[in-house]
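Descriptive structure summary
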Amino acid sequence: MASLTIPPVLSSPRDDAMHLYKAFKGLGCDTAAVINILAHRDASQRALIENEYKIMYSEPLTKRLSSELSGNVKKAVLLWMPDPARRDAMILHDALTTDIDLKAAAEVICSRTPSQLQQLKQLYHALYGAYLEHAIQTQTSGDLGQLLLAYLSTPRSEGLEVDRTMVDNDAKALFKAGEKRLGTDEKTFRAIFSGRSRAHMAAVSSAYHNMYGNSLKKAVKGETSGNFEHALVTILQCAENPAKYFAKVLHIAMKGLGTNDKTLTRVIVTRAEIDMQYIKAEYHKKHHKSLNDAVHSETSGHYRTFLLALLGPNHH
């Protein structure tokens, strides 16, 4: 469930474009007015506004936003503007070529569906004239690189049906490849985690627990480490409960001294139109305070206003 709130009576994309132009005019920018429009429009509505703006004022809206806004609110709004596939391509390009962040790259790849990944690969190539797979090969090595490449290229079912025999066999194979032996057979982990559907992986996790009394997630953490472990855990948790996974990512981004604004922005912006209501519920269940309150205390100014607008009303 999305957390994005859209007004019941919506102004036309043309009116929105005019209001944005008005907010940019004169000395300084009326950032509050910009947020009030853009934070309450879905991807297709934002695309229509961009279209109208270009026709009316002969310049791309994102270019104008880039020059009018600054700091974290600028980064957040510019990440919010594109549709999800283009945004994912932008995040990956940044994480693999500019500000190297393999955790962010793995988060995006390992939490998306096979059809989303297909679209993402095509867009990445169209936008950057390079293959996503090549960027991964350049920046990663060993198990992580092989896992991400396999995850991108292996066709997986998006349905809910599972084959019980195959589930049990996978659970046994993972036990044999990890906890049962000295050392770890990473190849088996890579093959199963990259080759199975979400429904299947969730069933494997449950079968593993029933057979061996330990959770598969604990086994992964005990048998692997670093970015490879992070990618496997991402695949597993997004098969079982993506909202719980992202609630944890947000908690880590805000805990301790300072805030990882890049992660905070990425997760709120990418999930607001998908499952942010579930993420908010999982966050509250675990930390006994609302995600809105946590974000409020970790951010300030227009940046705070924008993120809270995407998070929607505070129900707790």
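What counts, and where the lines are drawn
Residues numbered from 1 in each chain as written. Predicted model: local features only at pLDDT ≥ 70, side-chain atom pairs only at ≥ 80, totals over all residues. Heavy atoms only, no water. Axes fitted to C-alpha atoms, helices over the stretch in contact; angles between N-to-C directions. Helix = DSSP H or I, 4+ residues; strand = E, 2+ residues; numbered from the N terminus. Parallel < 35°, antiparallel > 145°, perpendicular 65-115°, else oblique. Left-handed = near helix turned anticlockwise from the far one by under 90°. Contact = heavy atoms within 4.5 Å. Nonpolar A, V, L, I, M, F, W, Y, C, P; charged D, E, K, R; others polar. Core = buried A, V, L, I, M, F, W, Y, C linked by side-chain atoms within 4.5 Å. Buried < 20%, exposed > 50% of the residue type's maximum accessible area, 1.4 Å probe, protein only. Salt bridge = Lys/Arg side-chain N within 4 Å of Asp/Glu carboxyl O.

**A look at the packing of helix 7 (residues 102–110) against helix 10 (residues 142–153)**
For the pair helix 7 and helix 10, interaxial distance at closest approach is 10 Å and the crossing angle is 25°. The angle between the axes of helix 7 and helix 10 places the two elements in the roughly parallel class. Classified by chirality, the crossing of helix 10 by helix 7 is left-handed. Residues Leu102, Ala106, Ile109 and Cys110 of helix 7 pack against Leu144, Leu148, Tyr151 and Leu152 of helix 10. When the residues that make up the contact of helix 7 with helix 10 are grouped by side-chain class, the tally is 8 nonpolar, no polar and no charged.

**Brief notes about the nonpolar core**
One finds Phe193, Leu216 and Phe306 to be the most contacted residues of the largest nonpolar core, which totals 91 residues. Counting residues per element, this core draws most heavily on helix 15 (residues 226–240), which supplies 8 residues. Each residue touching phenylalanine 306, except ones within four places of it in the same chain, is listed here: Ile35, Ala39, Val73, Ala76, Val77 and Trp80.

**With respect to the pattern of salt bridges**
When their charged atoms lie close together, side chains carrying opposite charge are able to pair. What the rule picks out here adds up to 13 salt bridges. Where glutamate 68 meets arginine 64, a salt bridge forms, and the shortest distance between an N and an O atom there is 2.9 Å. Of the two residues, glutamate 68 and arginine 64 both sit in helix 4 (residues 61–68), 4 residues apart, roughly one turn of that helix. For glutamate 68, a relative accessible area of 23% puts it in the partly exposed group.

**Description of the environment of leucine 174**
Take leucine 174: it is sitting in helix 11 (residues 164–177). When its relative accessible area of 0% is taken as the criterion, leucine 174 is described as buried. Sequence separation between leucine 174 and valine 204 is 30 residues; the distance between their C-alpha atoms is 9.4 Å. Leaving out residues up to four positions away in the same chain, leucine 174 has contacts with Glu179, Thr188, Phe189, Ile192, Phe193, Val204, Tyr208 and Leu216.

**Quick notes on unusual backbone geometry**
For serine 58, which is not glycine, the phi torsion reads 50° and is therefore positive. Note on placement: serine 58 falls in the loop between helix 3 (43–57) and helix 4. Even without a glycine there, the phi angle at histidine 288 is positive, about 55°. Topologically, histidine 288 is positioned in the loop between helix 18 (276–287) and helix 19 (291–298). Take histidine 288: its relative accessible area is 66%, and that puts it in the exposed class.

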